[in-house]
Amino acid sequence: MNHISRADAAADGRSEIRKTTCYMCACRCGINVHIKGNKVHYIEGNRDHPINKGVLCAKGSAGIMQHYSPARLKKPLLRTGERGEGKFKEIEWNEALDLATEWLGEVRRTDPRKLAFFTGRDQSQSMTGWWAQAYGTPNYAAHGGFCSVNMAAAGIYTMGGAFWEFGAPDWEKTELFMIFGVAEDHDSNPIKMGLGKLKERGVKVIGVNPVRTGYNAIADEWLGIAPGTDGLLILALVHELLRAGKIDVDYLLRYTNAPWLVIDDPEGAGHGLFARSEDGTPLVASRDSGEIAASSTPGIKAALKGRFTLADGRSATPVFELLAGKYLDPDYAPAAVAERTGISAATIARIADEIAKAAFEREVIIDQPWTDMKGERHEQMIGRPVAFHAMRGISAHSNGFQTCRALHLLQILVGSIDCPGGFRFKPPYPRPVAGQPRPHGGACADTALAGPHLGYPRGPEDLLLEADGETAERIDKAFSWDAPLSAHGMMHMVISNAHARDPYGIDVLFMYMANMAWNSSMNSSSVMDMLTDKDENGDYVIPKIIYSDAYSSEMVAFADLILPDTTYLERHDCISLLDRPISEPEAMCDSIRWPVVEPERDVRGFQSVLLDLGARLKLPGMVDEQGTAIYKDYADYIVHHQRKPGVGPLSGWRGADGTKTGRGEPNPDQLQRYIDNGGFSQVHLPAEALYFKHANRAWSDWAIEHGLQEGPVENIFQLYLEPLRKFQLSAEGKAKPVPPEHHRERIRRCFDPLPCWYPPFADDGSEADGYPLHAITQRPAAMYHSWGSQNAWLRQIHGENALYVPGAVCDQQGLSDDDWALVSSPSGEIRVRIRRMEAVNGSTLWTWNAIGKRAGAWALDNDAPEATRGFLLNHLIDELLPPKGDGRRWANSDPITGQAAWFDLRVAIRRDPDQSGERSLPATAAQKSPVGPAPDTVAFSGGKKP
Ligand code: SF4
C-alpha cells in the first residue's frame, strides 16, 4: 500500500502520503502529497513514476499554494451586474444545473449549432468530445488551435506521430540533439532530465530560438534565428545533406513514399497525384527494368529517380526526384537563406555536416532481431543517433505547418525516426492518418453527431461546408476553405465569429478552463468588447455564457453562469491513452488524479458536472432506457465507460479481477488498483517492439492485443503529402469542389505537397509599413500560462514582466534599462517597461507570457505589480490580418491548419517621451473580484501552527 488511511493518520498524528498526478503544468509528473487531517503540508516527486522519476520543479512544489489559492471559486455564481464587472450572487448547485439544462436543452431541441462548447487546457478531451458528440453540436474543440496544432497535425500527416506527448528523443543513445522553439513549461521535467543525461555523456545540444533562455541557455550552441524562418534554416540543412549525399536511401525506400510515382500531366485533373493501380495502391517503377508495379510488390527494387510512362500514356516521376530537384535549388543554399534567418552560411553548412557525421559515422547498433510488416526478418536494429525536438516556437506562425513538416522531412531523410538514438514514438503512437477519423458535422435537432468532431481530412471532400460548398458549418470555420486541415479546431476564432454572426450567431457559449477574456485571446481588448457588446434591442450579441473554472480568472467576470471546478488535488482525472498520453517510448502508461483532500468549498469537478448535465439533457450514452443516469460521477465513468468493447479510459487492471491490460471488461476496483500503485499504470513493450514501430510486426501485434489498434495499420511516411495536392487541384479549378475565388491563390501557394517555406503573412510589407521588429513571448519555467499569478510562491519569481530589447535597438532608440517604451503594431499600442538584452535575435523583442493581469482577477489587489506594471503582447495582436489588396481581412492563422499565428507579430518601438507614471498601458479597468480580496500575508507552517 502506498498510503495510509486518514483515520490512522489522525489517530497517531502522522502525516500520510497520497500519490497522485501534478497539474501545475501539462507535463503530468507523479507526486507524493503529504497530508495531515484534510490539509496539504508538502508535495514531493514520486520516485517510481515513469514521467519524472522523483524530479519536481518549482511549479510542482508550489502546488500547495495553488491548492490554497485565495482566487479559488467557492460556489456557483449567477451574474447580477453587467458583463465584465465581476458582480455575481451565489446560488445553489441545483439552481445552476437547472438553468444550464434549460439553456442547453432549448438549443439542442431547436438548433444544436447554437451551442459553442470549447475547452481550454483541460486534460479530458476524449470525455468532453464524447459529450459534445452526444449533444450534437458541431462546435466543439479544445485549445490546440491556438497552441500547437501545426506541430501535431504536421507530425500525424507526415509520420503518424509528433513531438512531446507523441514521442521523445532517445536520450540514452543520441549523439546530437537539436531543439527548436521549445517552451519551458511543456514536457518540462522529462526534457530537463534528458538534457542532464546528454550533458553527462558530453552530447552536443544545439538550441534554435530567437531568445536564449531556459534550455537554450544551457545549449552548447545557440542559433538566435529570426522568428518565422525556421523552415528556411531546416530546408537549407536538407539542401546541404542532399548535396553531400548524406541521406539514408535504404530507410527512404523501406519506410517512405520516396519511390512512389507522381503523375506529371500539367493540364490534367491528376497532375501531382500519385499514380495508382486499379485497387488504389500507389505505383513505383522497377529500378532494374523500368516496369511499373504496385509499391507493395514483394522484393521490388523501386527507382528513386527517372521519368516513367504509365499504362495510360501519362508520365510520372518518383517523389524523391521531385524532392531532390526542389531542395537542391540554389534558393535553399545556406548563402541564400543566411540573411533572412540570421544564421551564417558557414554555420548552416557546419551543422549539416555535424548532423551527417552523427547519423552516419556514429550509428547505433542493437543486436535485437525484429520482423517488419512485410515479413522480412532483421537481425539488428540500426539507428541514426540524431534527435530533434520542437514545439510552439516553430509552429505558431502562418507558415508553421510547412515548417513542422520540413523538420520531419529532415529527420526522415537521415533515417532517424523511431530508431536507436533518434526520435521515438510513445504508445499509442504511431497513428498515421489511415488510422484516424475524418471530421464530423451535420448537426440535427435532438440528435447526436455521427462521429467525432475532430479528424484528419484526406481532401476537399472531407470539408465541413454547407450545401453552397462555401459556407463553414462550424462557428470557428474549422475544416472549411479557411483552414482545411484544422485538426484541433480554431478556438481563437469562436468569439469573434460568434460576435460577427459569421457564419451564424450562437445562443450559448460554454467554456471550460479557457481564459479567453485575457491571455488566451489574440486581441484581449477587442474580445472583452465582443463579450460585452449588445445588439439594437439591448441584448448581448452572445446571449448566454456558461463558464467553468476553479479560479477567479479574467474570464469569470464575462460569464452569466459560473460552475466552480475543484483544484487538481480534490478531483478525479484520467490521463488516458484515448486522450493525451503520458507513455514513455518503451512503455505504455496512463495515470489518474484522485481526491487526496476533500473540497472545503461548494465546488464540483467539471467532468462530473458535465455528466450530470448530460443525464438531465437525456443525452445518448449518459442515460439508460428509463432515463436514469448511467454514471454517478466522473470516477464512475472512468471505470465503467467503454469506448469500444473492452477498451475504456484506463488501460491498467482491466477485467473483472483486474488481471487484464489494455483490453478487458470494466473492473470496479480499477481506481483503487491505480491508487495502490502510486496513481499510474506502466506496461513495458517487448524488446522486439521497441524501435521501428511504424513498420514493426511485434509492435503492431502488441498494440492490437492491448487495445491501441483494432488491426494492422500501414504507416508509410509521407514526404509528399497528397491531400495538400488535392486542395491545390481544387484551387486550380481542375477538381471539384472548387473553392471560392478569394481562397484560390493562397491554397495554390501554401498547400505545396512537399514541405516549403513562405514568409509569414504578417511580414508582407511590415517593414515598409513601419513595423520592422518581431515581438514574441516565451513561457517561463516557473509559470503555467496565467495560473501562476495567484500563487504566493511563484509570484515572487515573476510578479511583473519587462520587454527585453536587443542592445542595438536600445542604442538606436535611446532606451535604457527600466525606461518606459511605446510599442505599436497595426492593431494598437502598449506602454511597457524595457530591459536591455544581448542574447536575443537582433530584430526581436520578447517578454514572458501571461504575466500581466487585469486588476481584480485572480484575487489580486488593484495595485498588484501584475496589474500595474505587467502587460500582455496580446493587445497588439488581432485574429485578423490588416486588409490586403482584395479588401478582405484574412485570419491571422496558418492557412492549412488554422493555428493562431501568435509569433508572426510585427511591431515598432520608441521611448515614451513621458517617463512619468509607473503604469503599463492599456490599463484595463479593475473587475470586481467575485471571491473577495486575498489576505495581505500568506503564511504556511510545516504542520504545527498555520
Ligand atoms: S514539470 Fe509540470 S507536472 Fe512536472 S512537477 Fe513541474 S509543474 Fe508538475
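From a predicted model like this one, the values you see are computed outputs, not experimental measurements.

## Description of the nonpolar core
No. 1: The biggest cluster of nonpolar side chains holds 168 residues, and the ones touching the most others in it are W131, F510 and I909.
No. 2: With eight residues, the single largest contributor to this core is helix α4 (residues 93–110).
No. 3: If we skip the residues at most four places from it in the chain, I909 touches L773, L803, V805, V809, Q813, L815, A821, L822, V823, I834 and L845.
No. 4: Counting residues in each nonpolar core, the second largest holds 103 residues, with V149, I417, V433 and C756 among its members.

## As for the pattern of salt bridges
No. 1: Following the criterion strictly, the structure yields 66 salt bridges and no others.
No. 2: Between R601 and E570 there is a salt bridge, with its nearest N and O atoms 2.9 Å apart. Placement of R601 in the loop between β27 (587–593) and α18 (606–616) and of E570 in the loop between β25 (561–564) and β26 (573–575) is noted, with a sequence separation of 31 residues between them. Each member of the pair, R601 as well as E570, is classed as buried.
No. 3: Between R906 and D763 there is a salt bridge, with the nearest N and O atoms lying 2.8 Å from each other. Of this pair, R906 sits in strand β34 (residues 906–911) while D763 is found in the loop between α23 (741–750) and β29 (773–778), placing the two residues 143 residues apart along the sequence.
No. 4: Through salt bridges that share partners, E800, D818, R833, R835, R869 and E918 make up one connected network.

## Re the sheet that holds strand β12 (residues 261–264)
No. 1: The three strands are arranged β12-β16-β15 in an open sheet whose pairing can be described as antiparallel. Two strands lie at the open edges of the sheet, namely β12 and β15 (308–309), each paired on one side alone.
No. 2: Relative to strand β16 (residues 315–318), β12 runs antiparallel, the two sharing four bridges. By the bridge assignment for β16, D264 is matched with S315.

## Observations regarding the site of the ligand
No. 1: Taken together, the residues surrounding the ligand are C22, M24, C25, C27, R28, C29, L56, C57, K59, G60, S188 and N189.
No. 2: Residue assignment for the shell around the ligand shows that the elements contributing at least two residues are α2 (58–61) and α7 (188–201).
No. 3: Residue composition of the shell around the ligand, grouped by class: seven nonpolar, three polar and two charged.

## Some thoughts on the environment of L561
No. 1: Assignment of secondary structure puts L561 in strand β25.
No. 2: We classify L561 as buried; its relative accessible area is 0%.
No. 3: Between the C-alpha atoms of L561 and L77, which are 484 residues apart in sequence, the distance is 5.8 Å.
No. 4: Not counting residues up to four positions away in its chain, the partners in contact with L561 are L77, L78, I91, A96, L99, A100, W103, I545, I546 and Y547.

The rules behind each value
- Residues numbered from 1 in each chain as written.
- Predicted model: local features only at pLDDT ≥ 70, side-chain atom pairs only at ≥ 80, totals over all residues.
- Heavy atoms only, no water.
- Core = buried A, V, L, I, M, F, W, Y, C linked by side-chain atoms within 4.5 Å.
- Buried < 20%, exposed > 50% of the residue type's maximum accessible area, 1.4 Å probe, protein only.
- Helix = DSSP H or I, 4+ residues; strand = E, 2+ residues; numbered from the N terminus.
- Contact = heavy atoms within 4.5 Å.
- Salt bridge = Lys/Arg side-chain N within 4 Å of Asp/Glu carboxyl O.
- Pairing = 2+ DSSP bridges.
- Near = heavy atom within 4 Å.
- Nonpolar A, V, L, I, M, F, W, Y, C, P; charged D, E, K, R; others polar.

Honestly, it's all geometry; don't read function into it.
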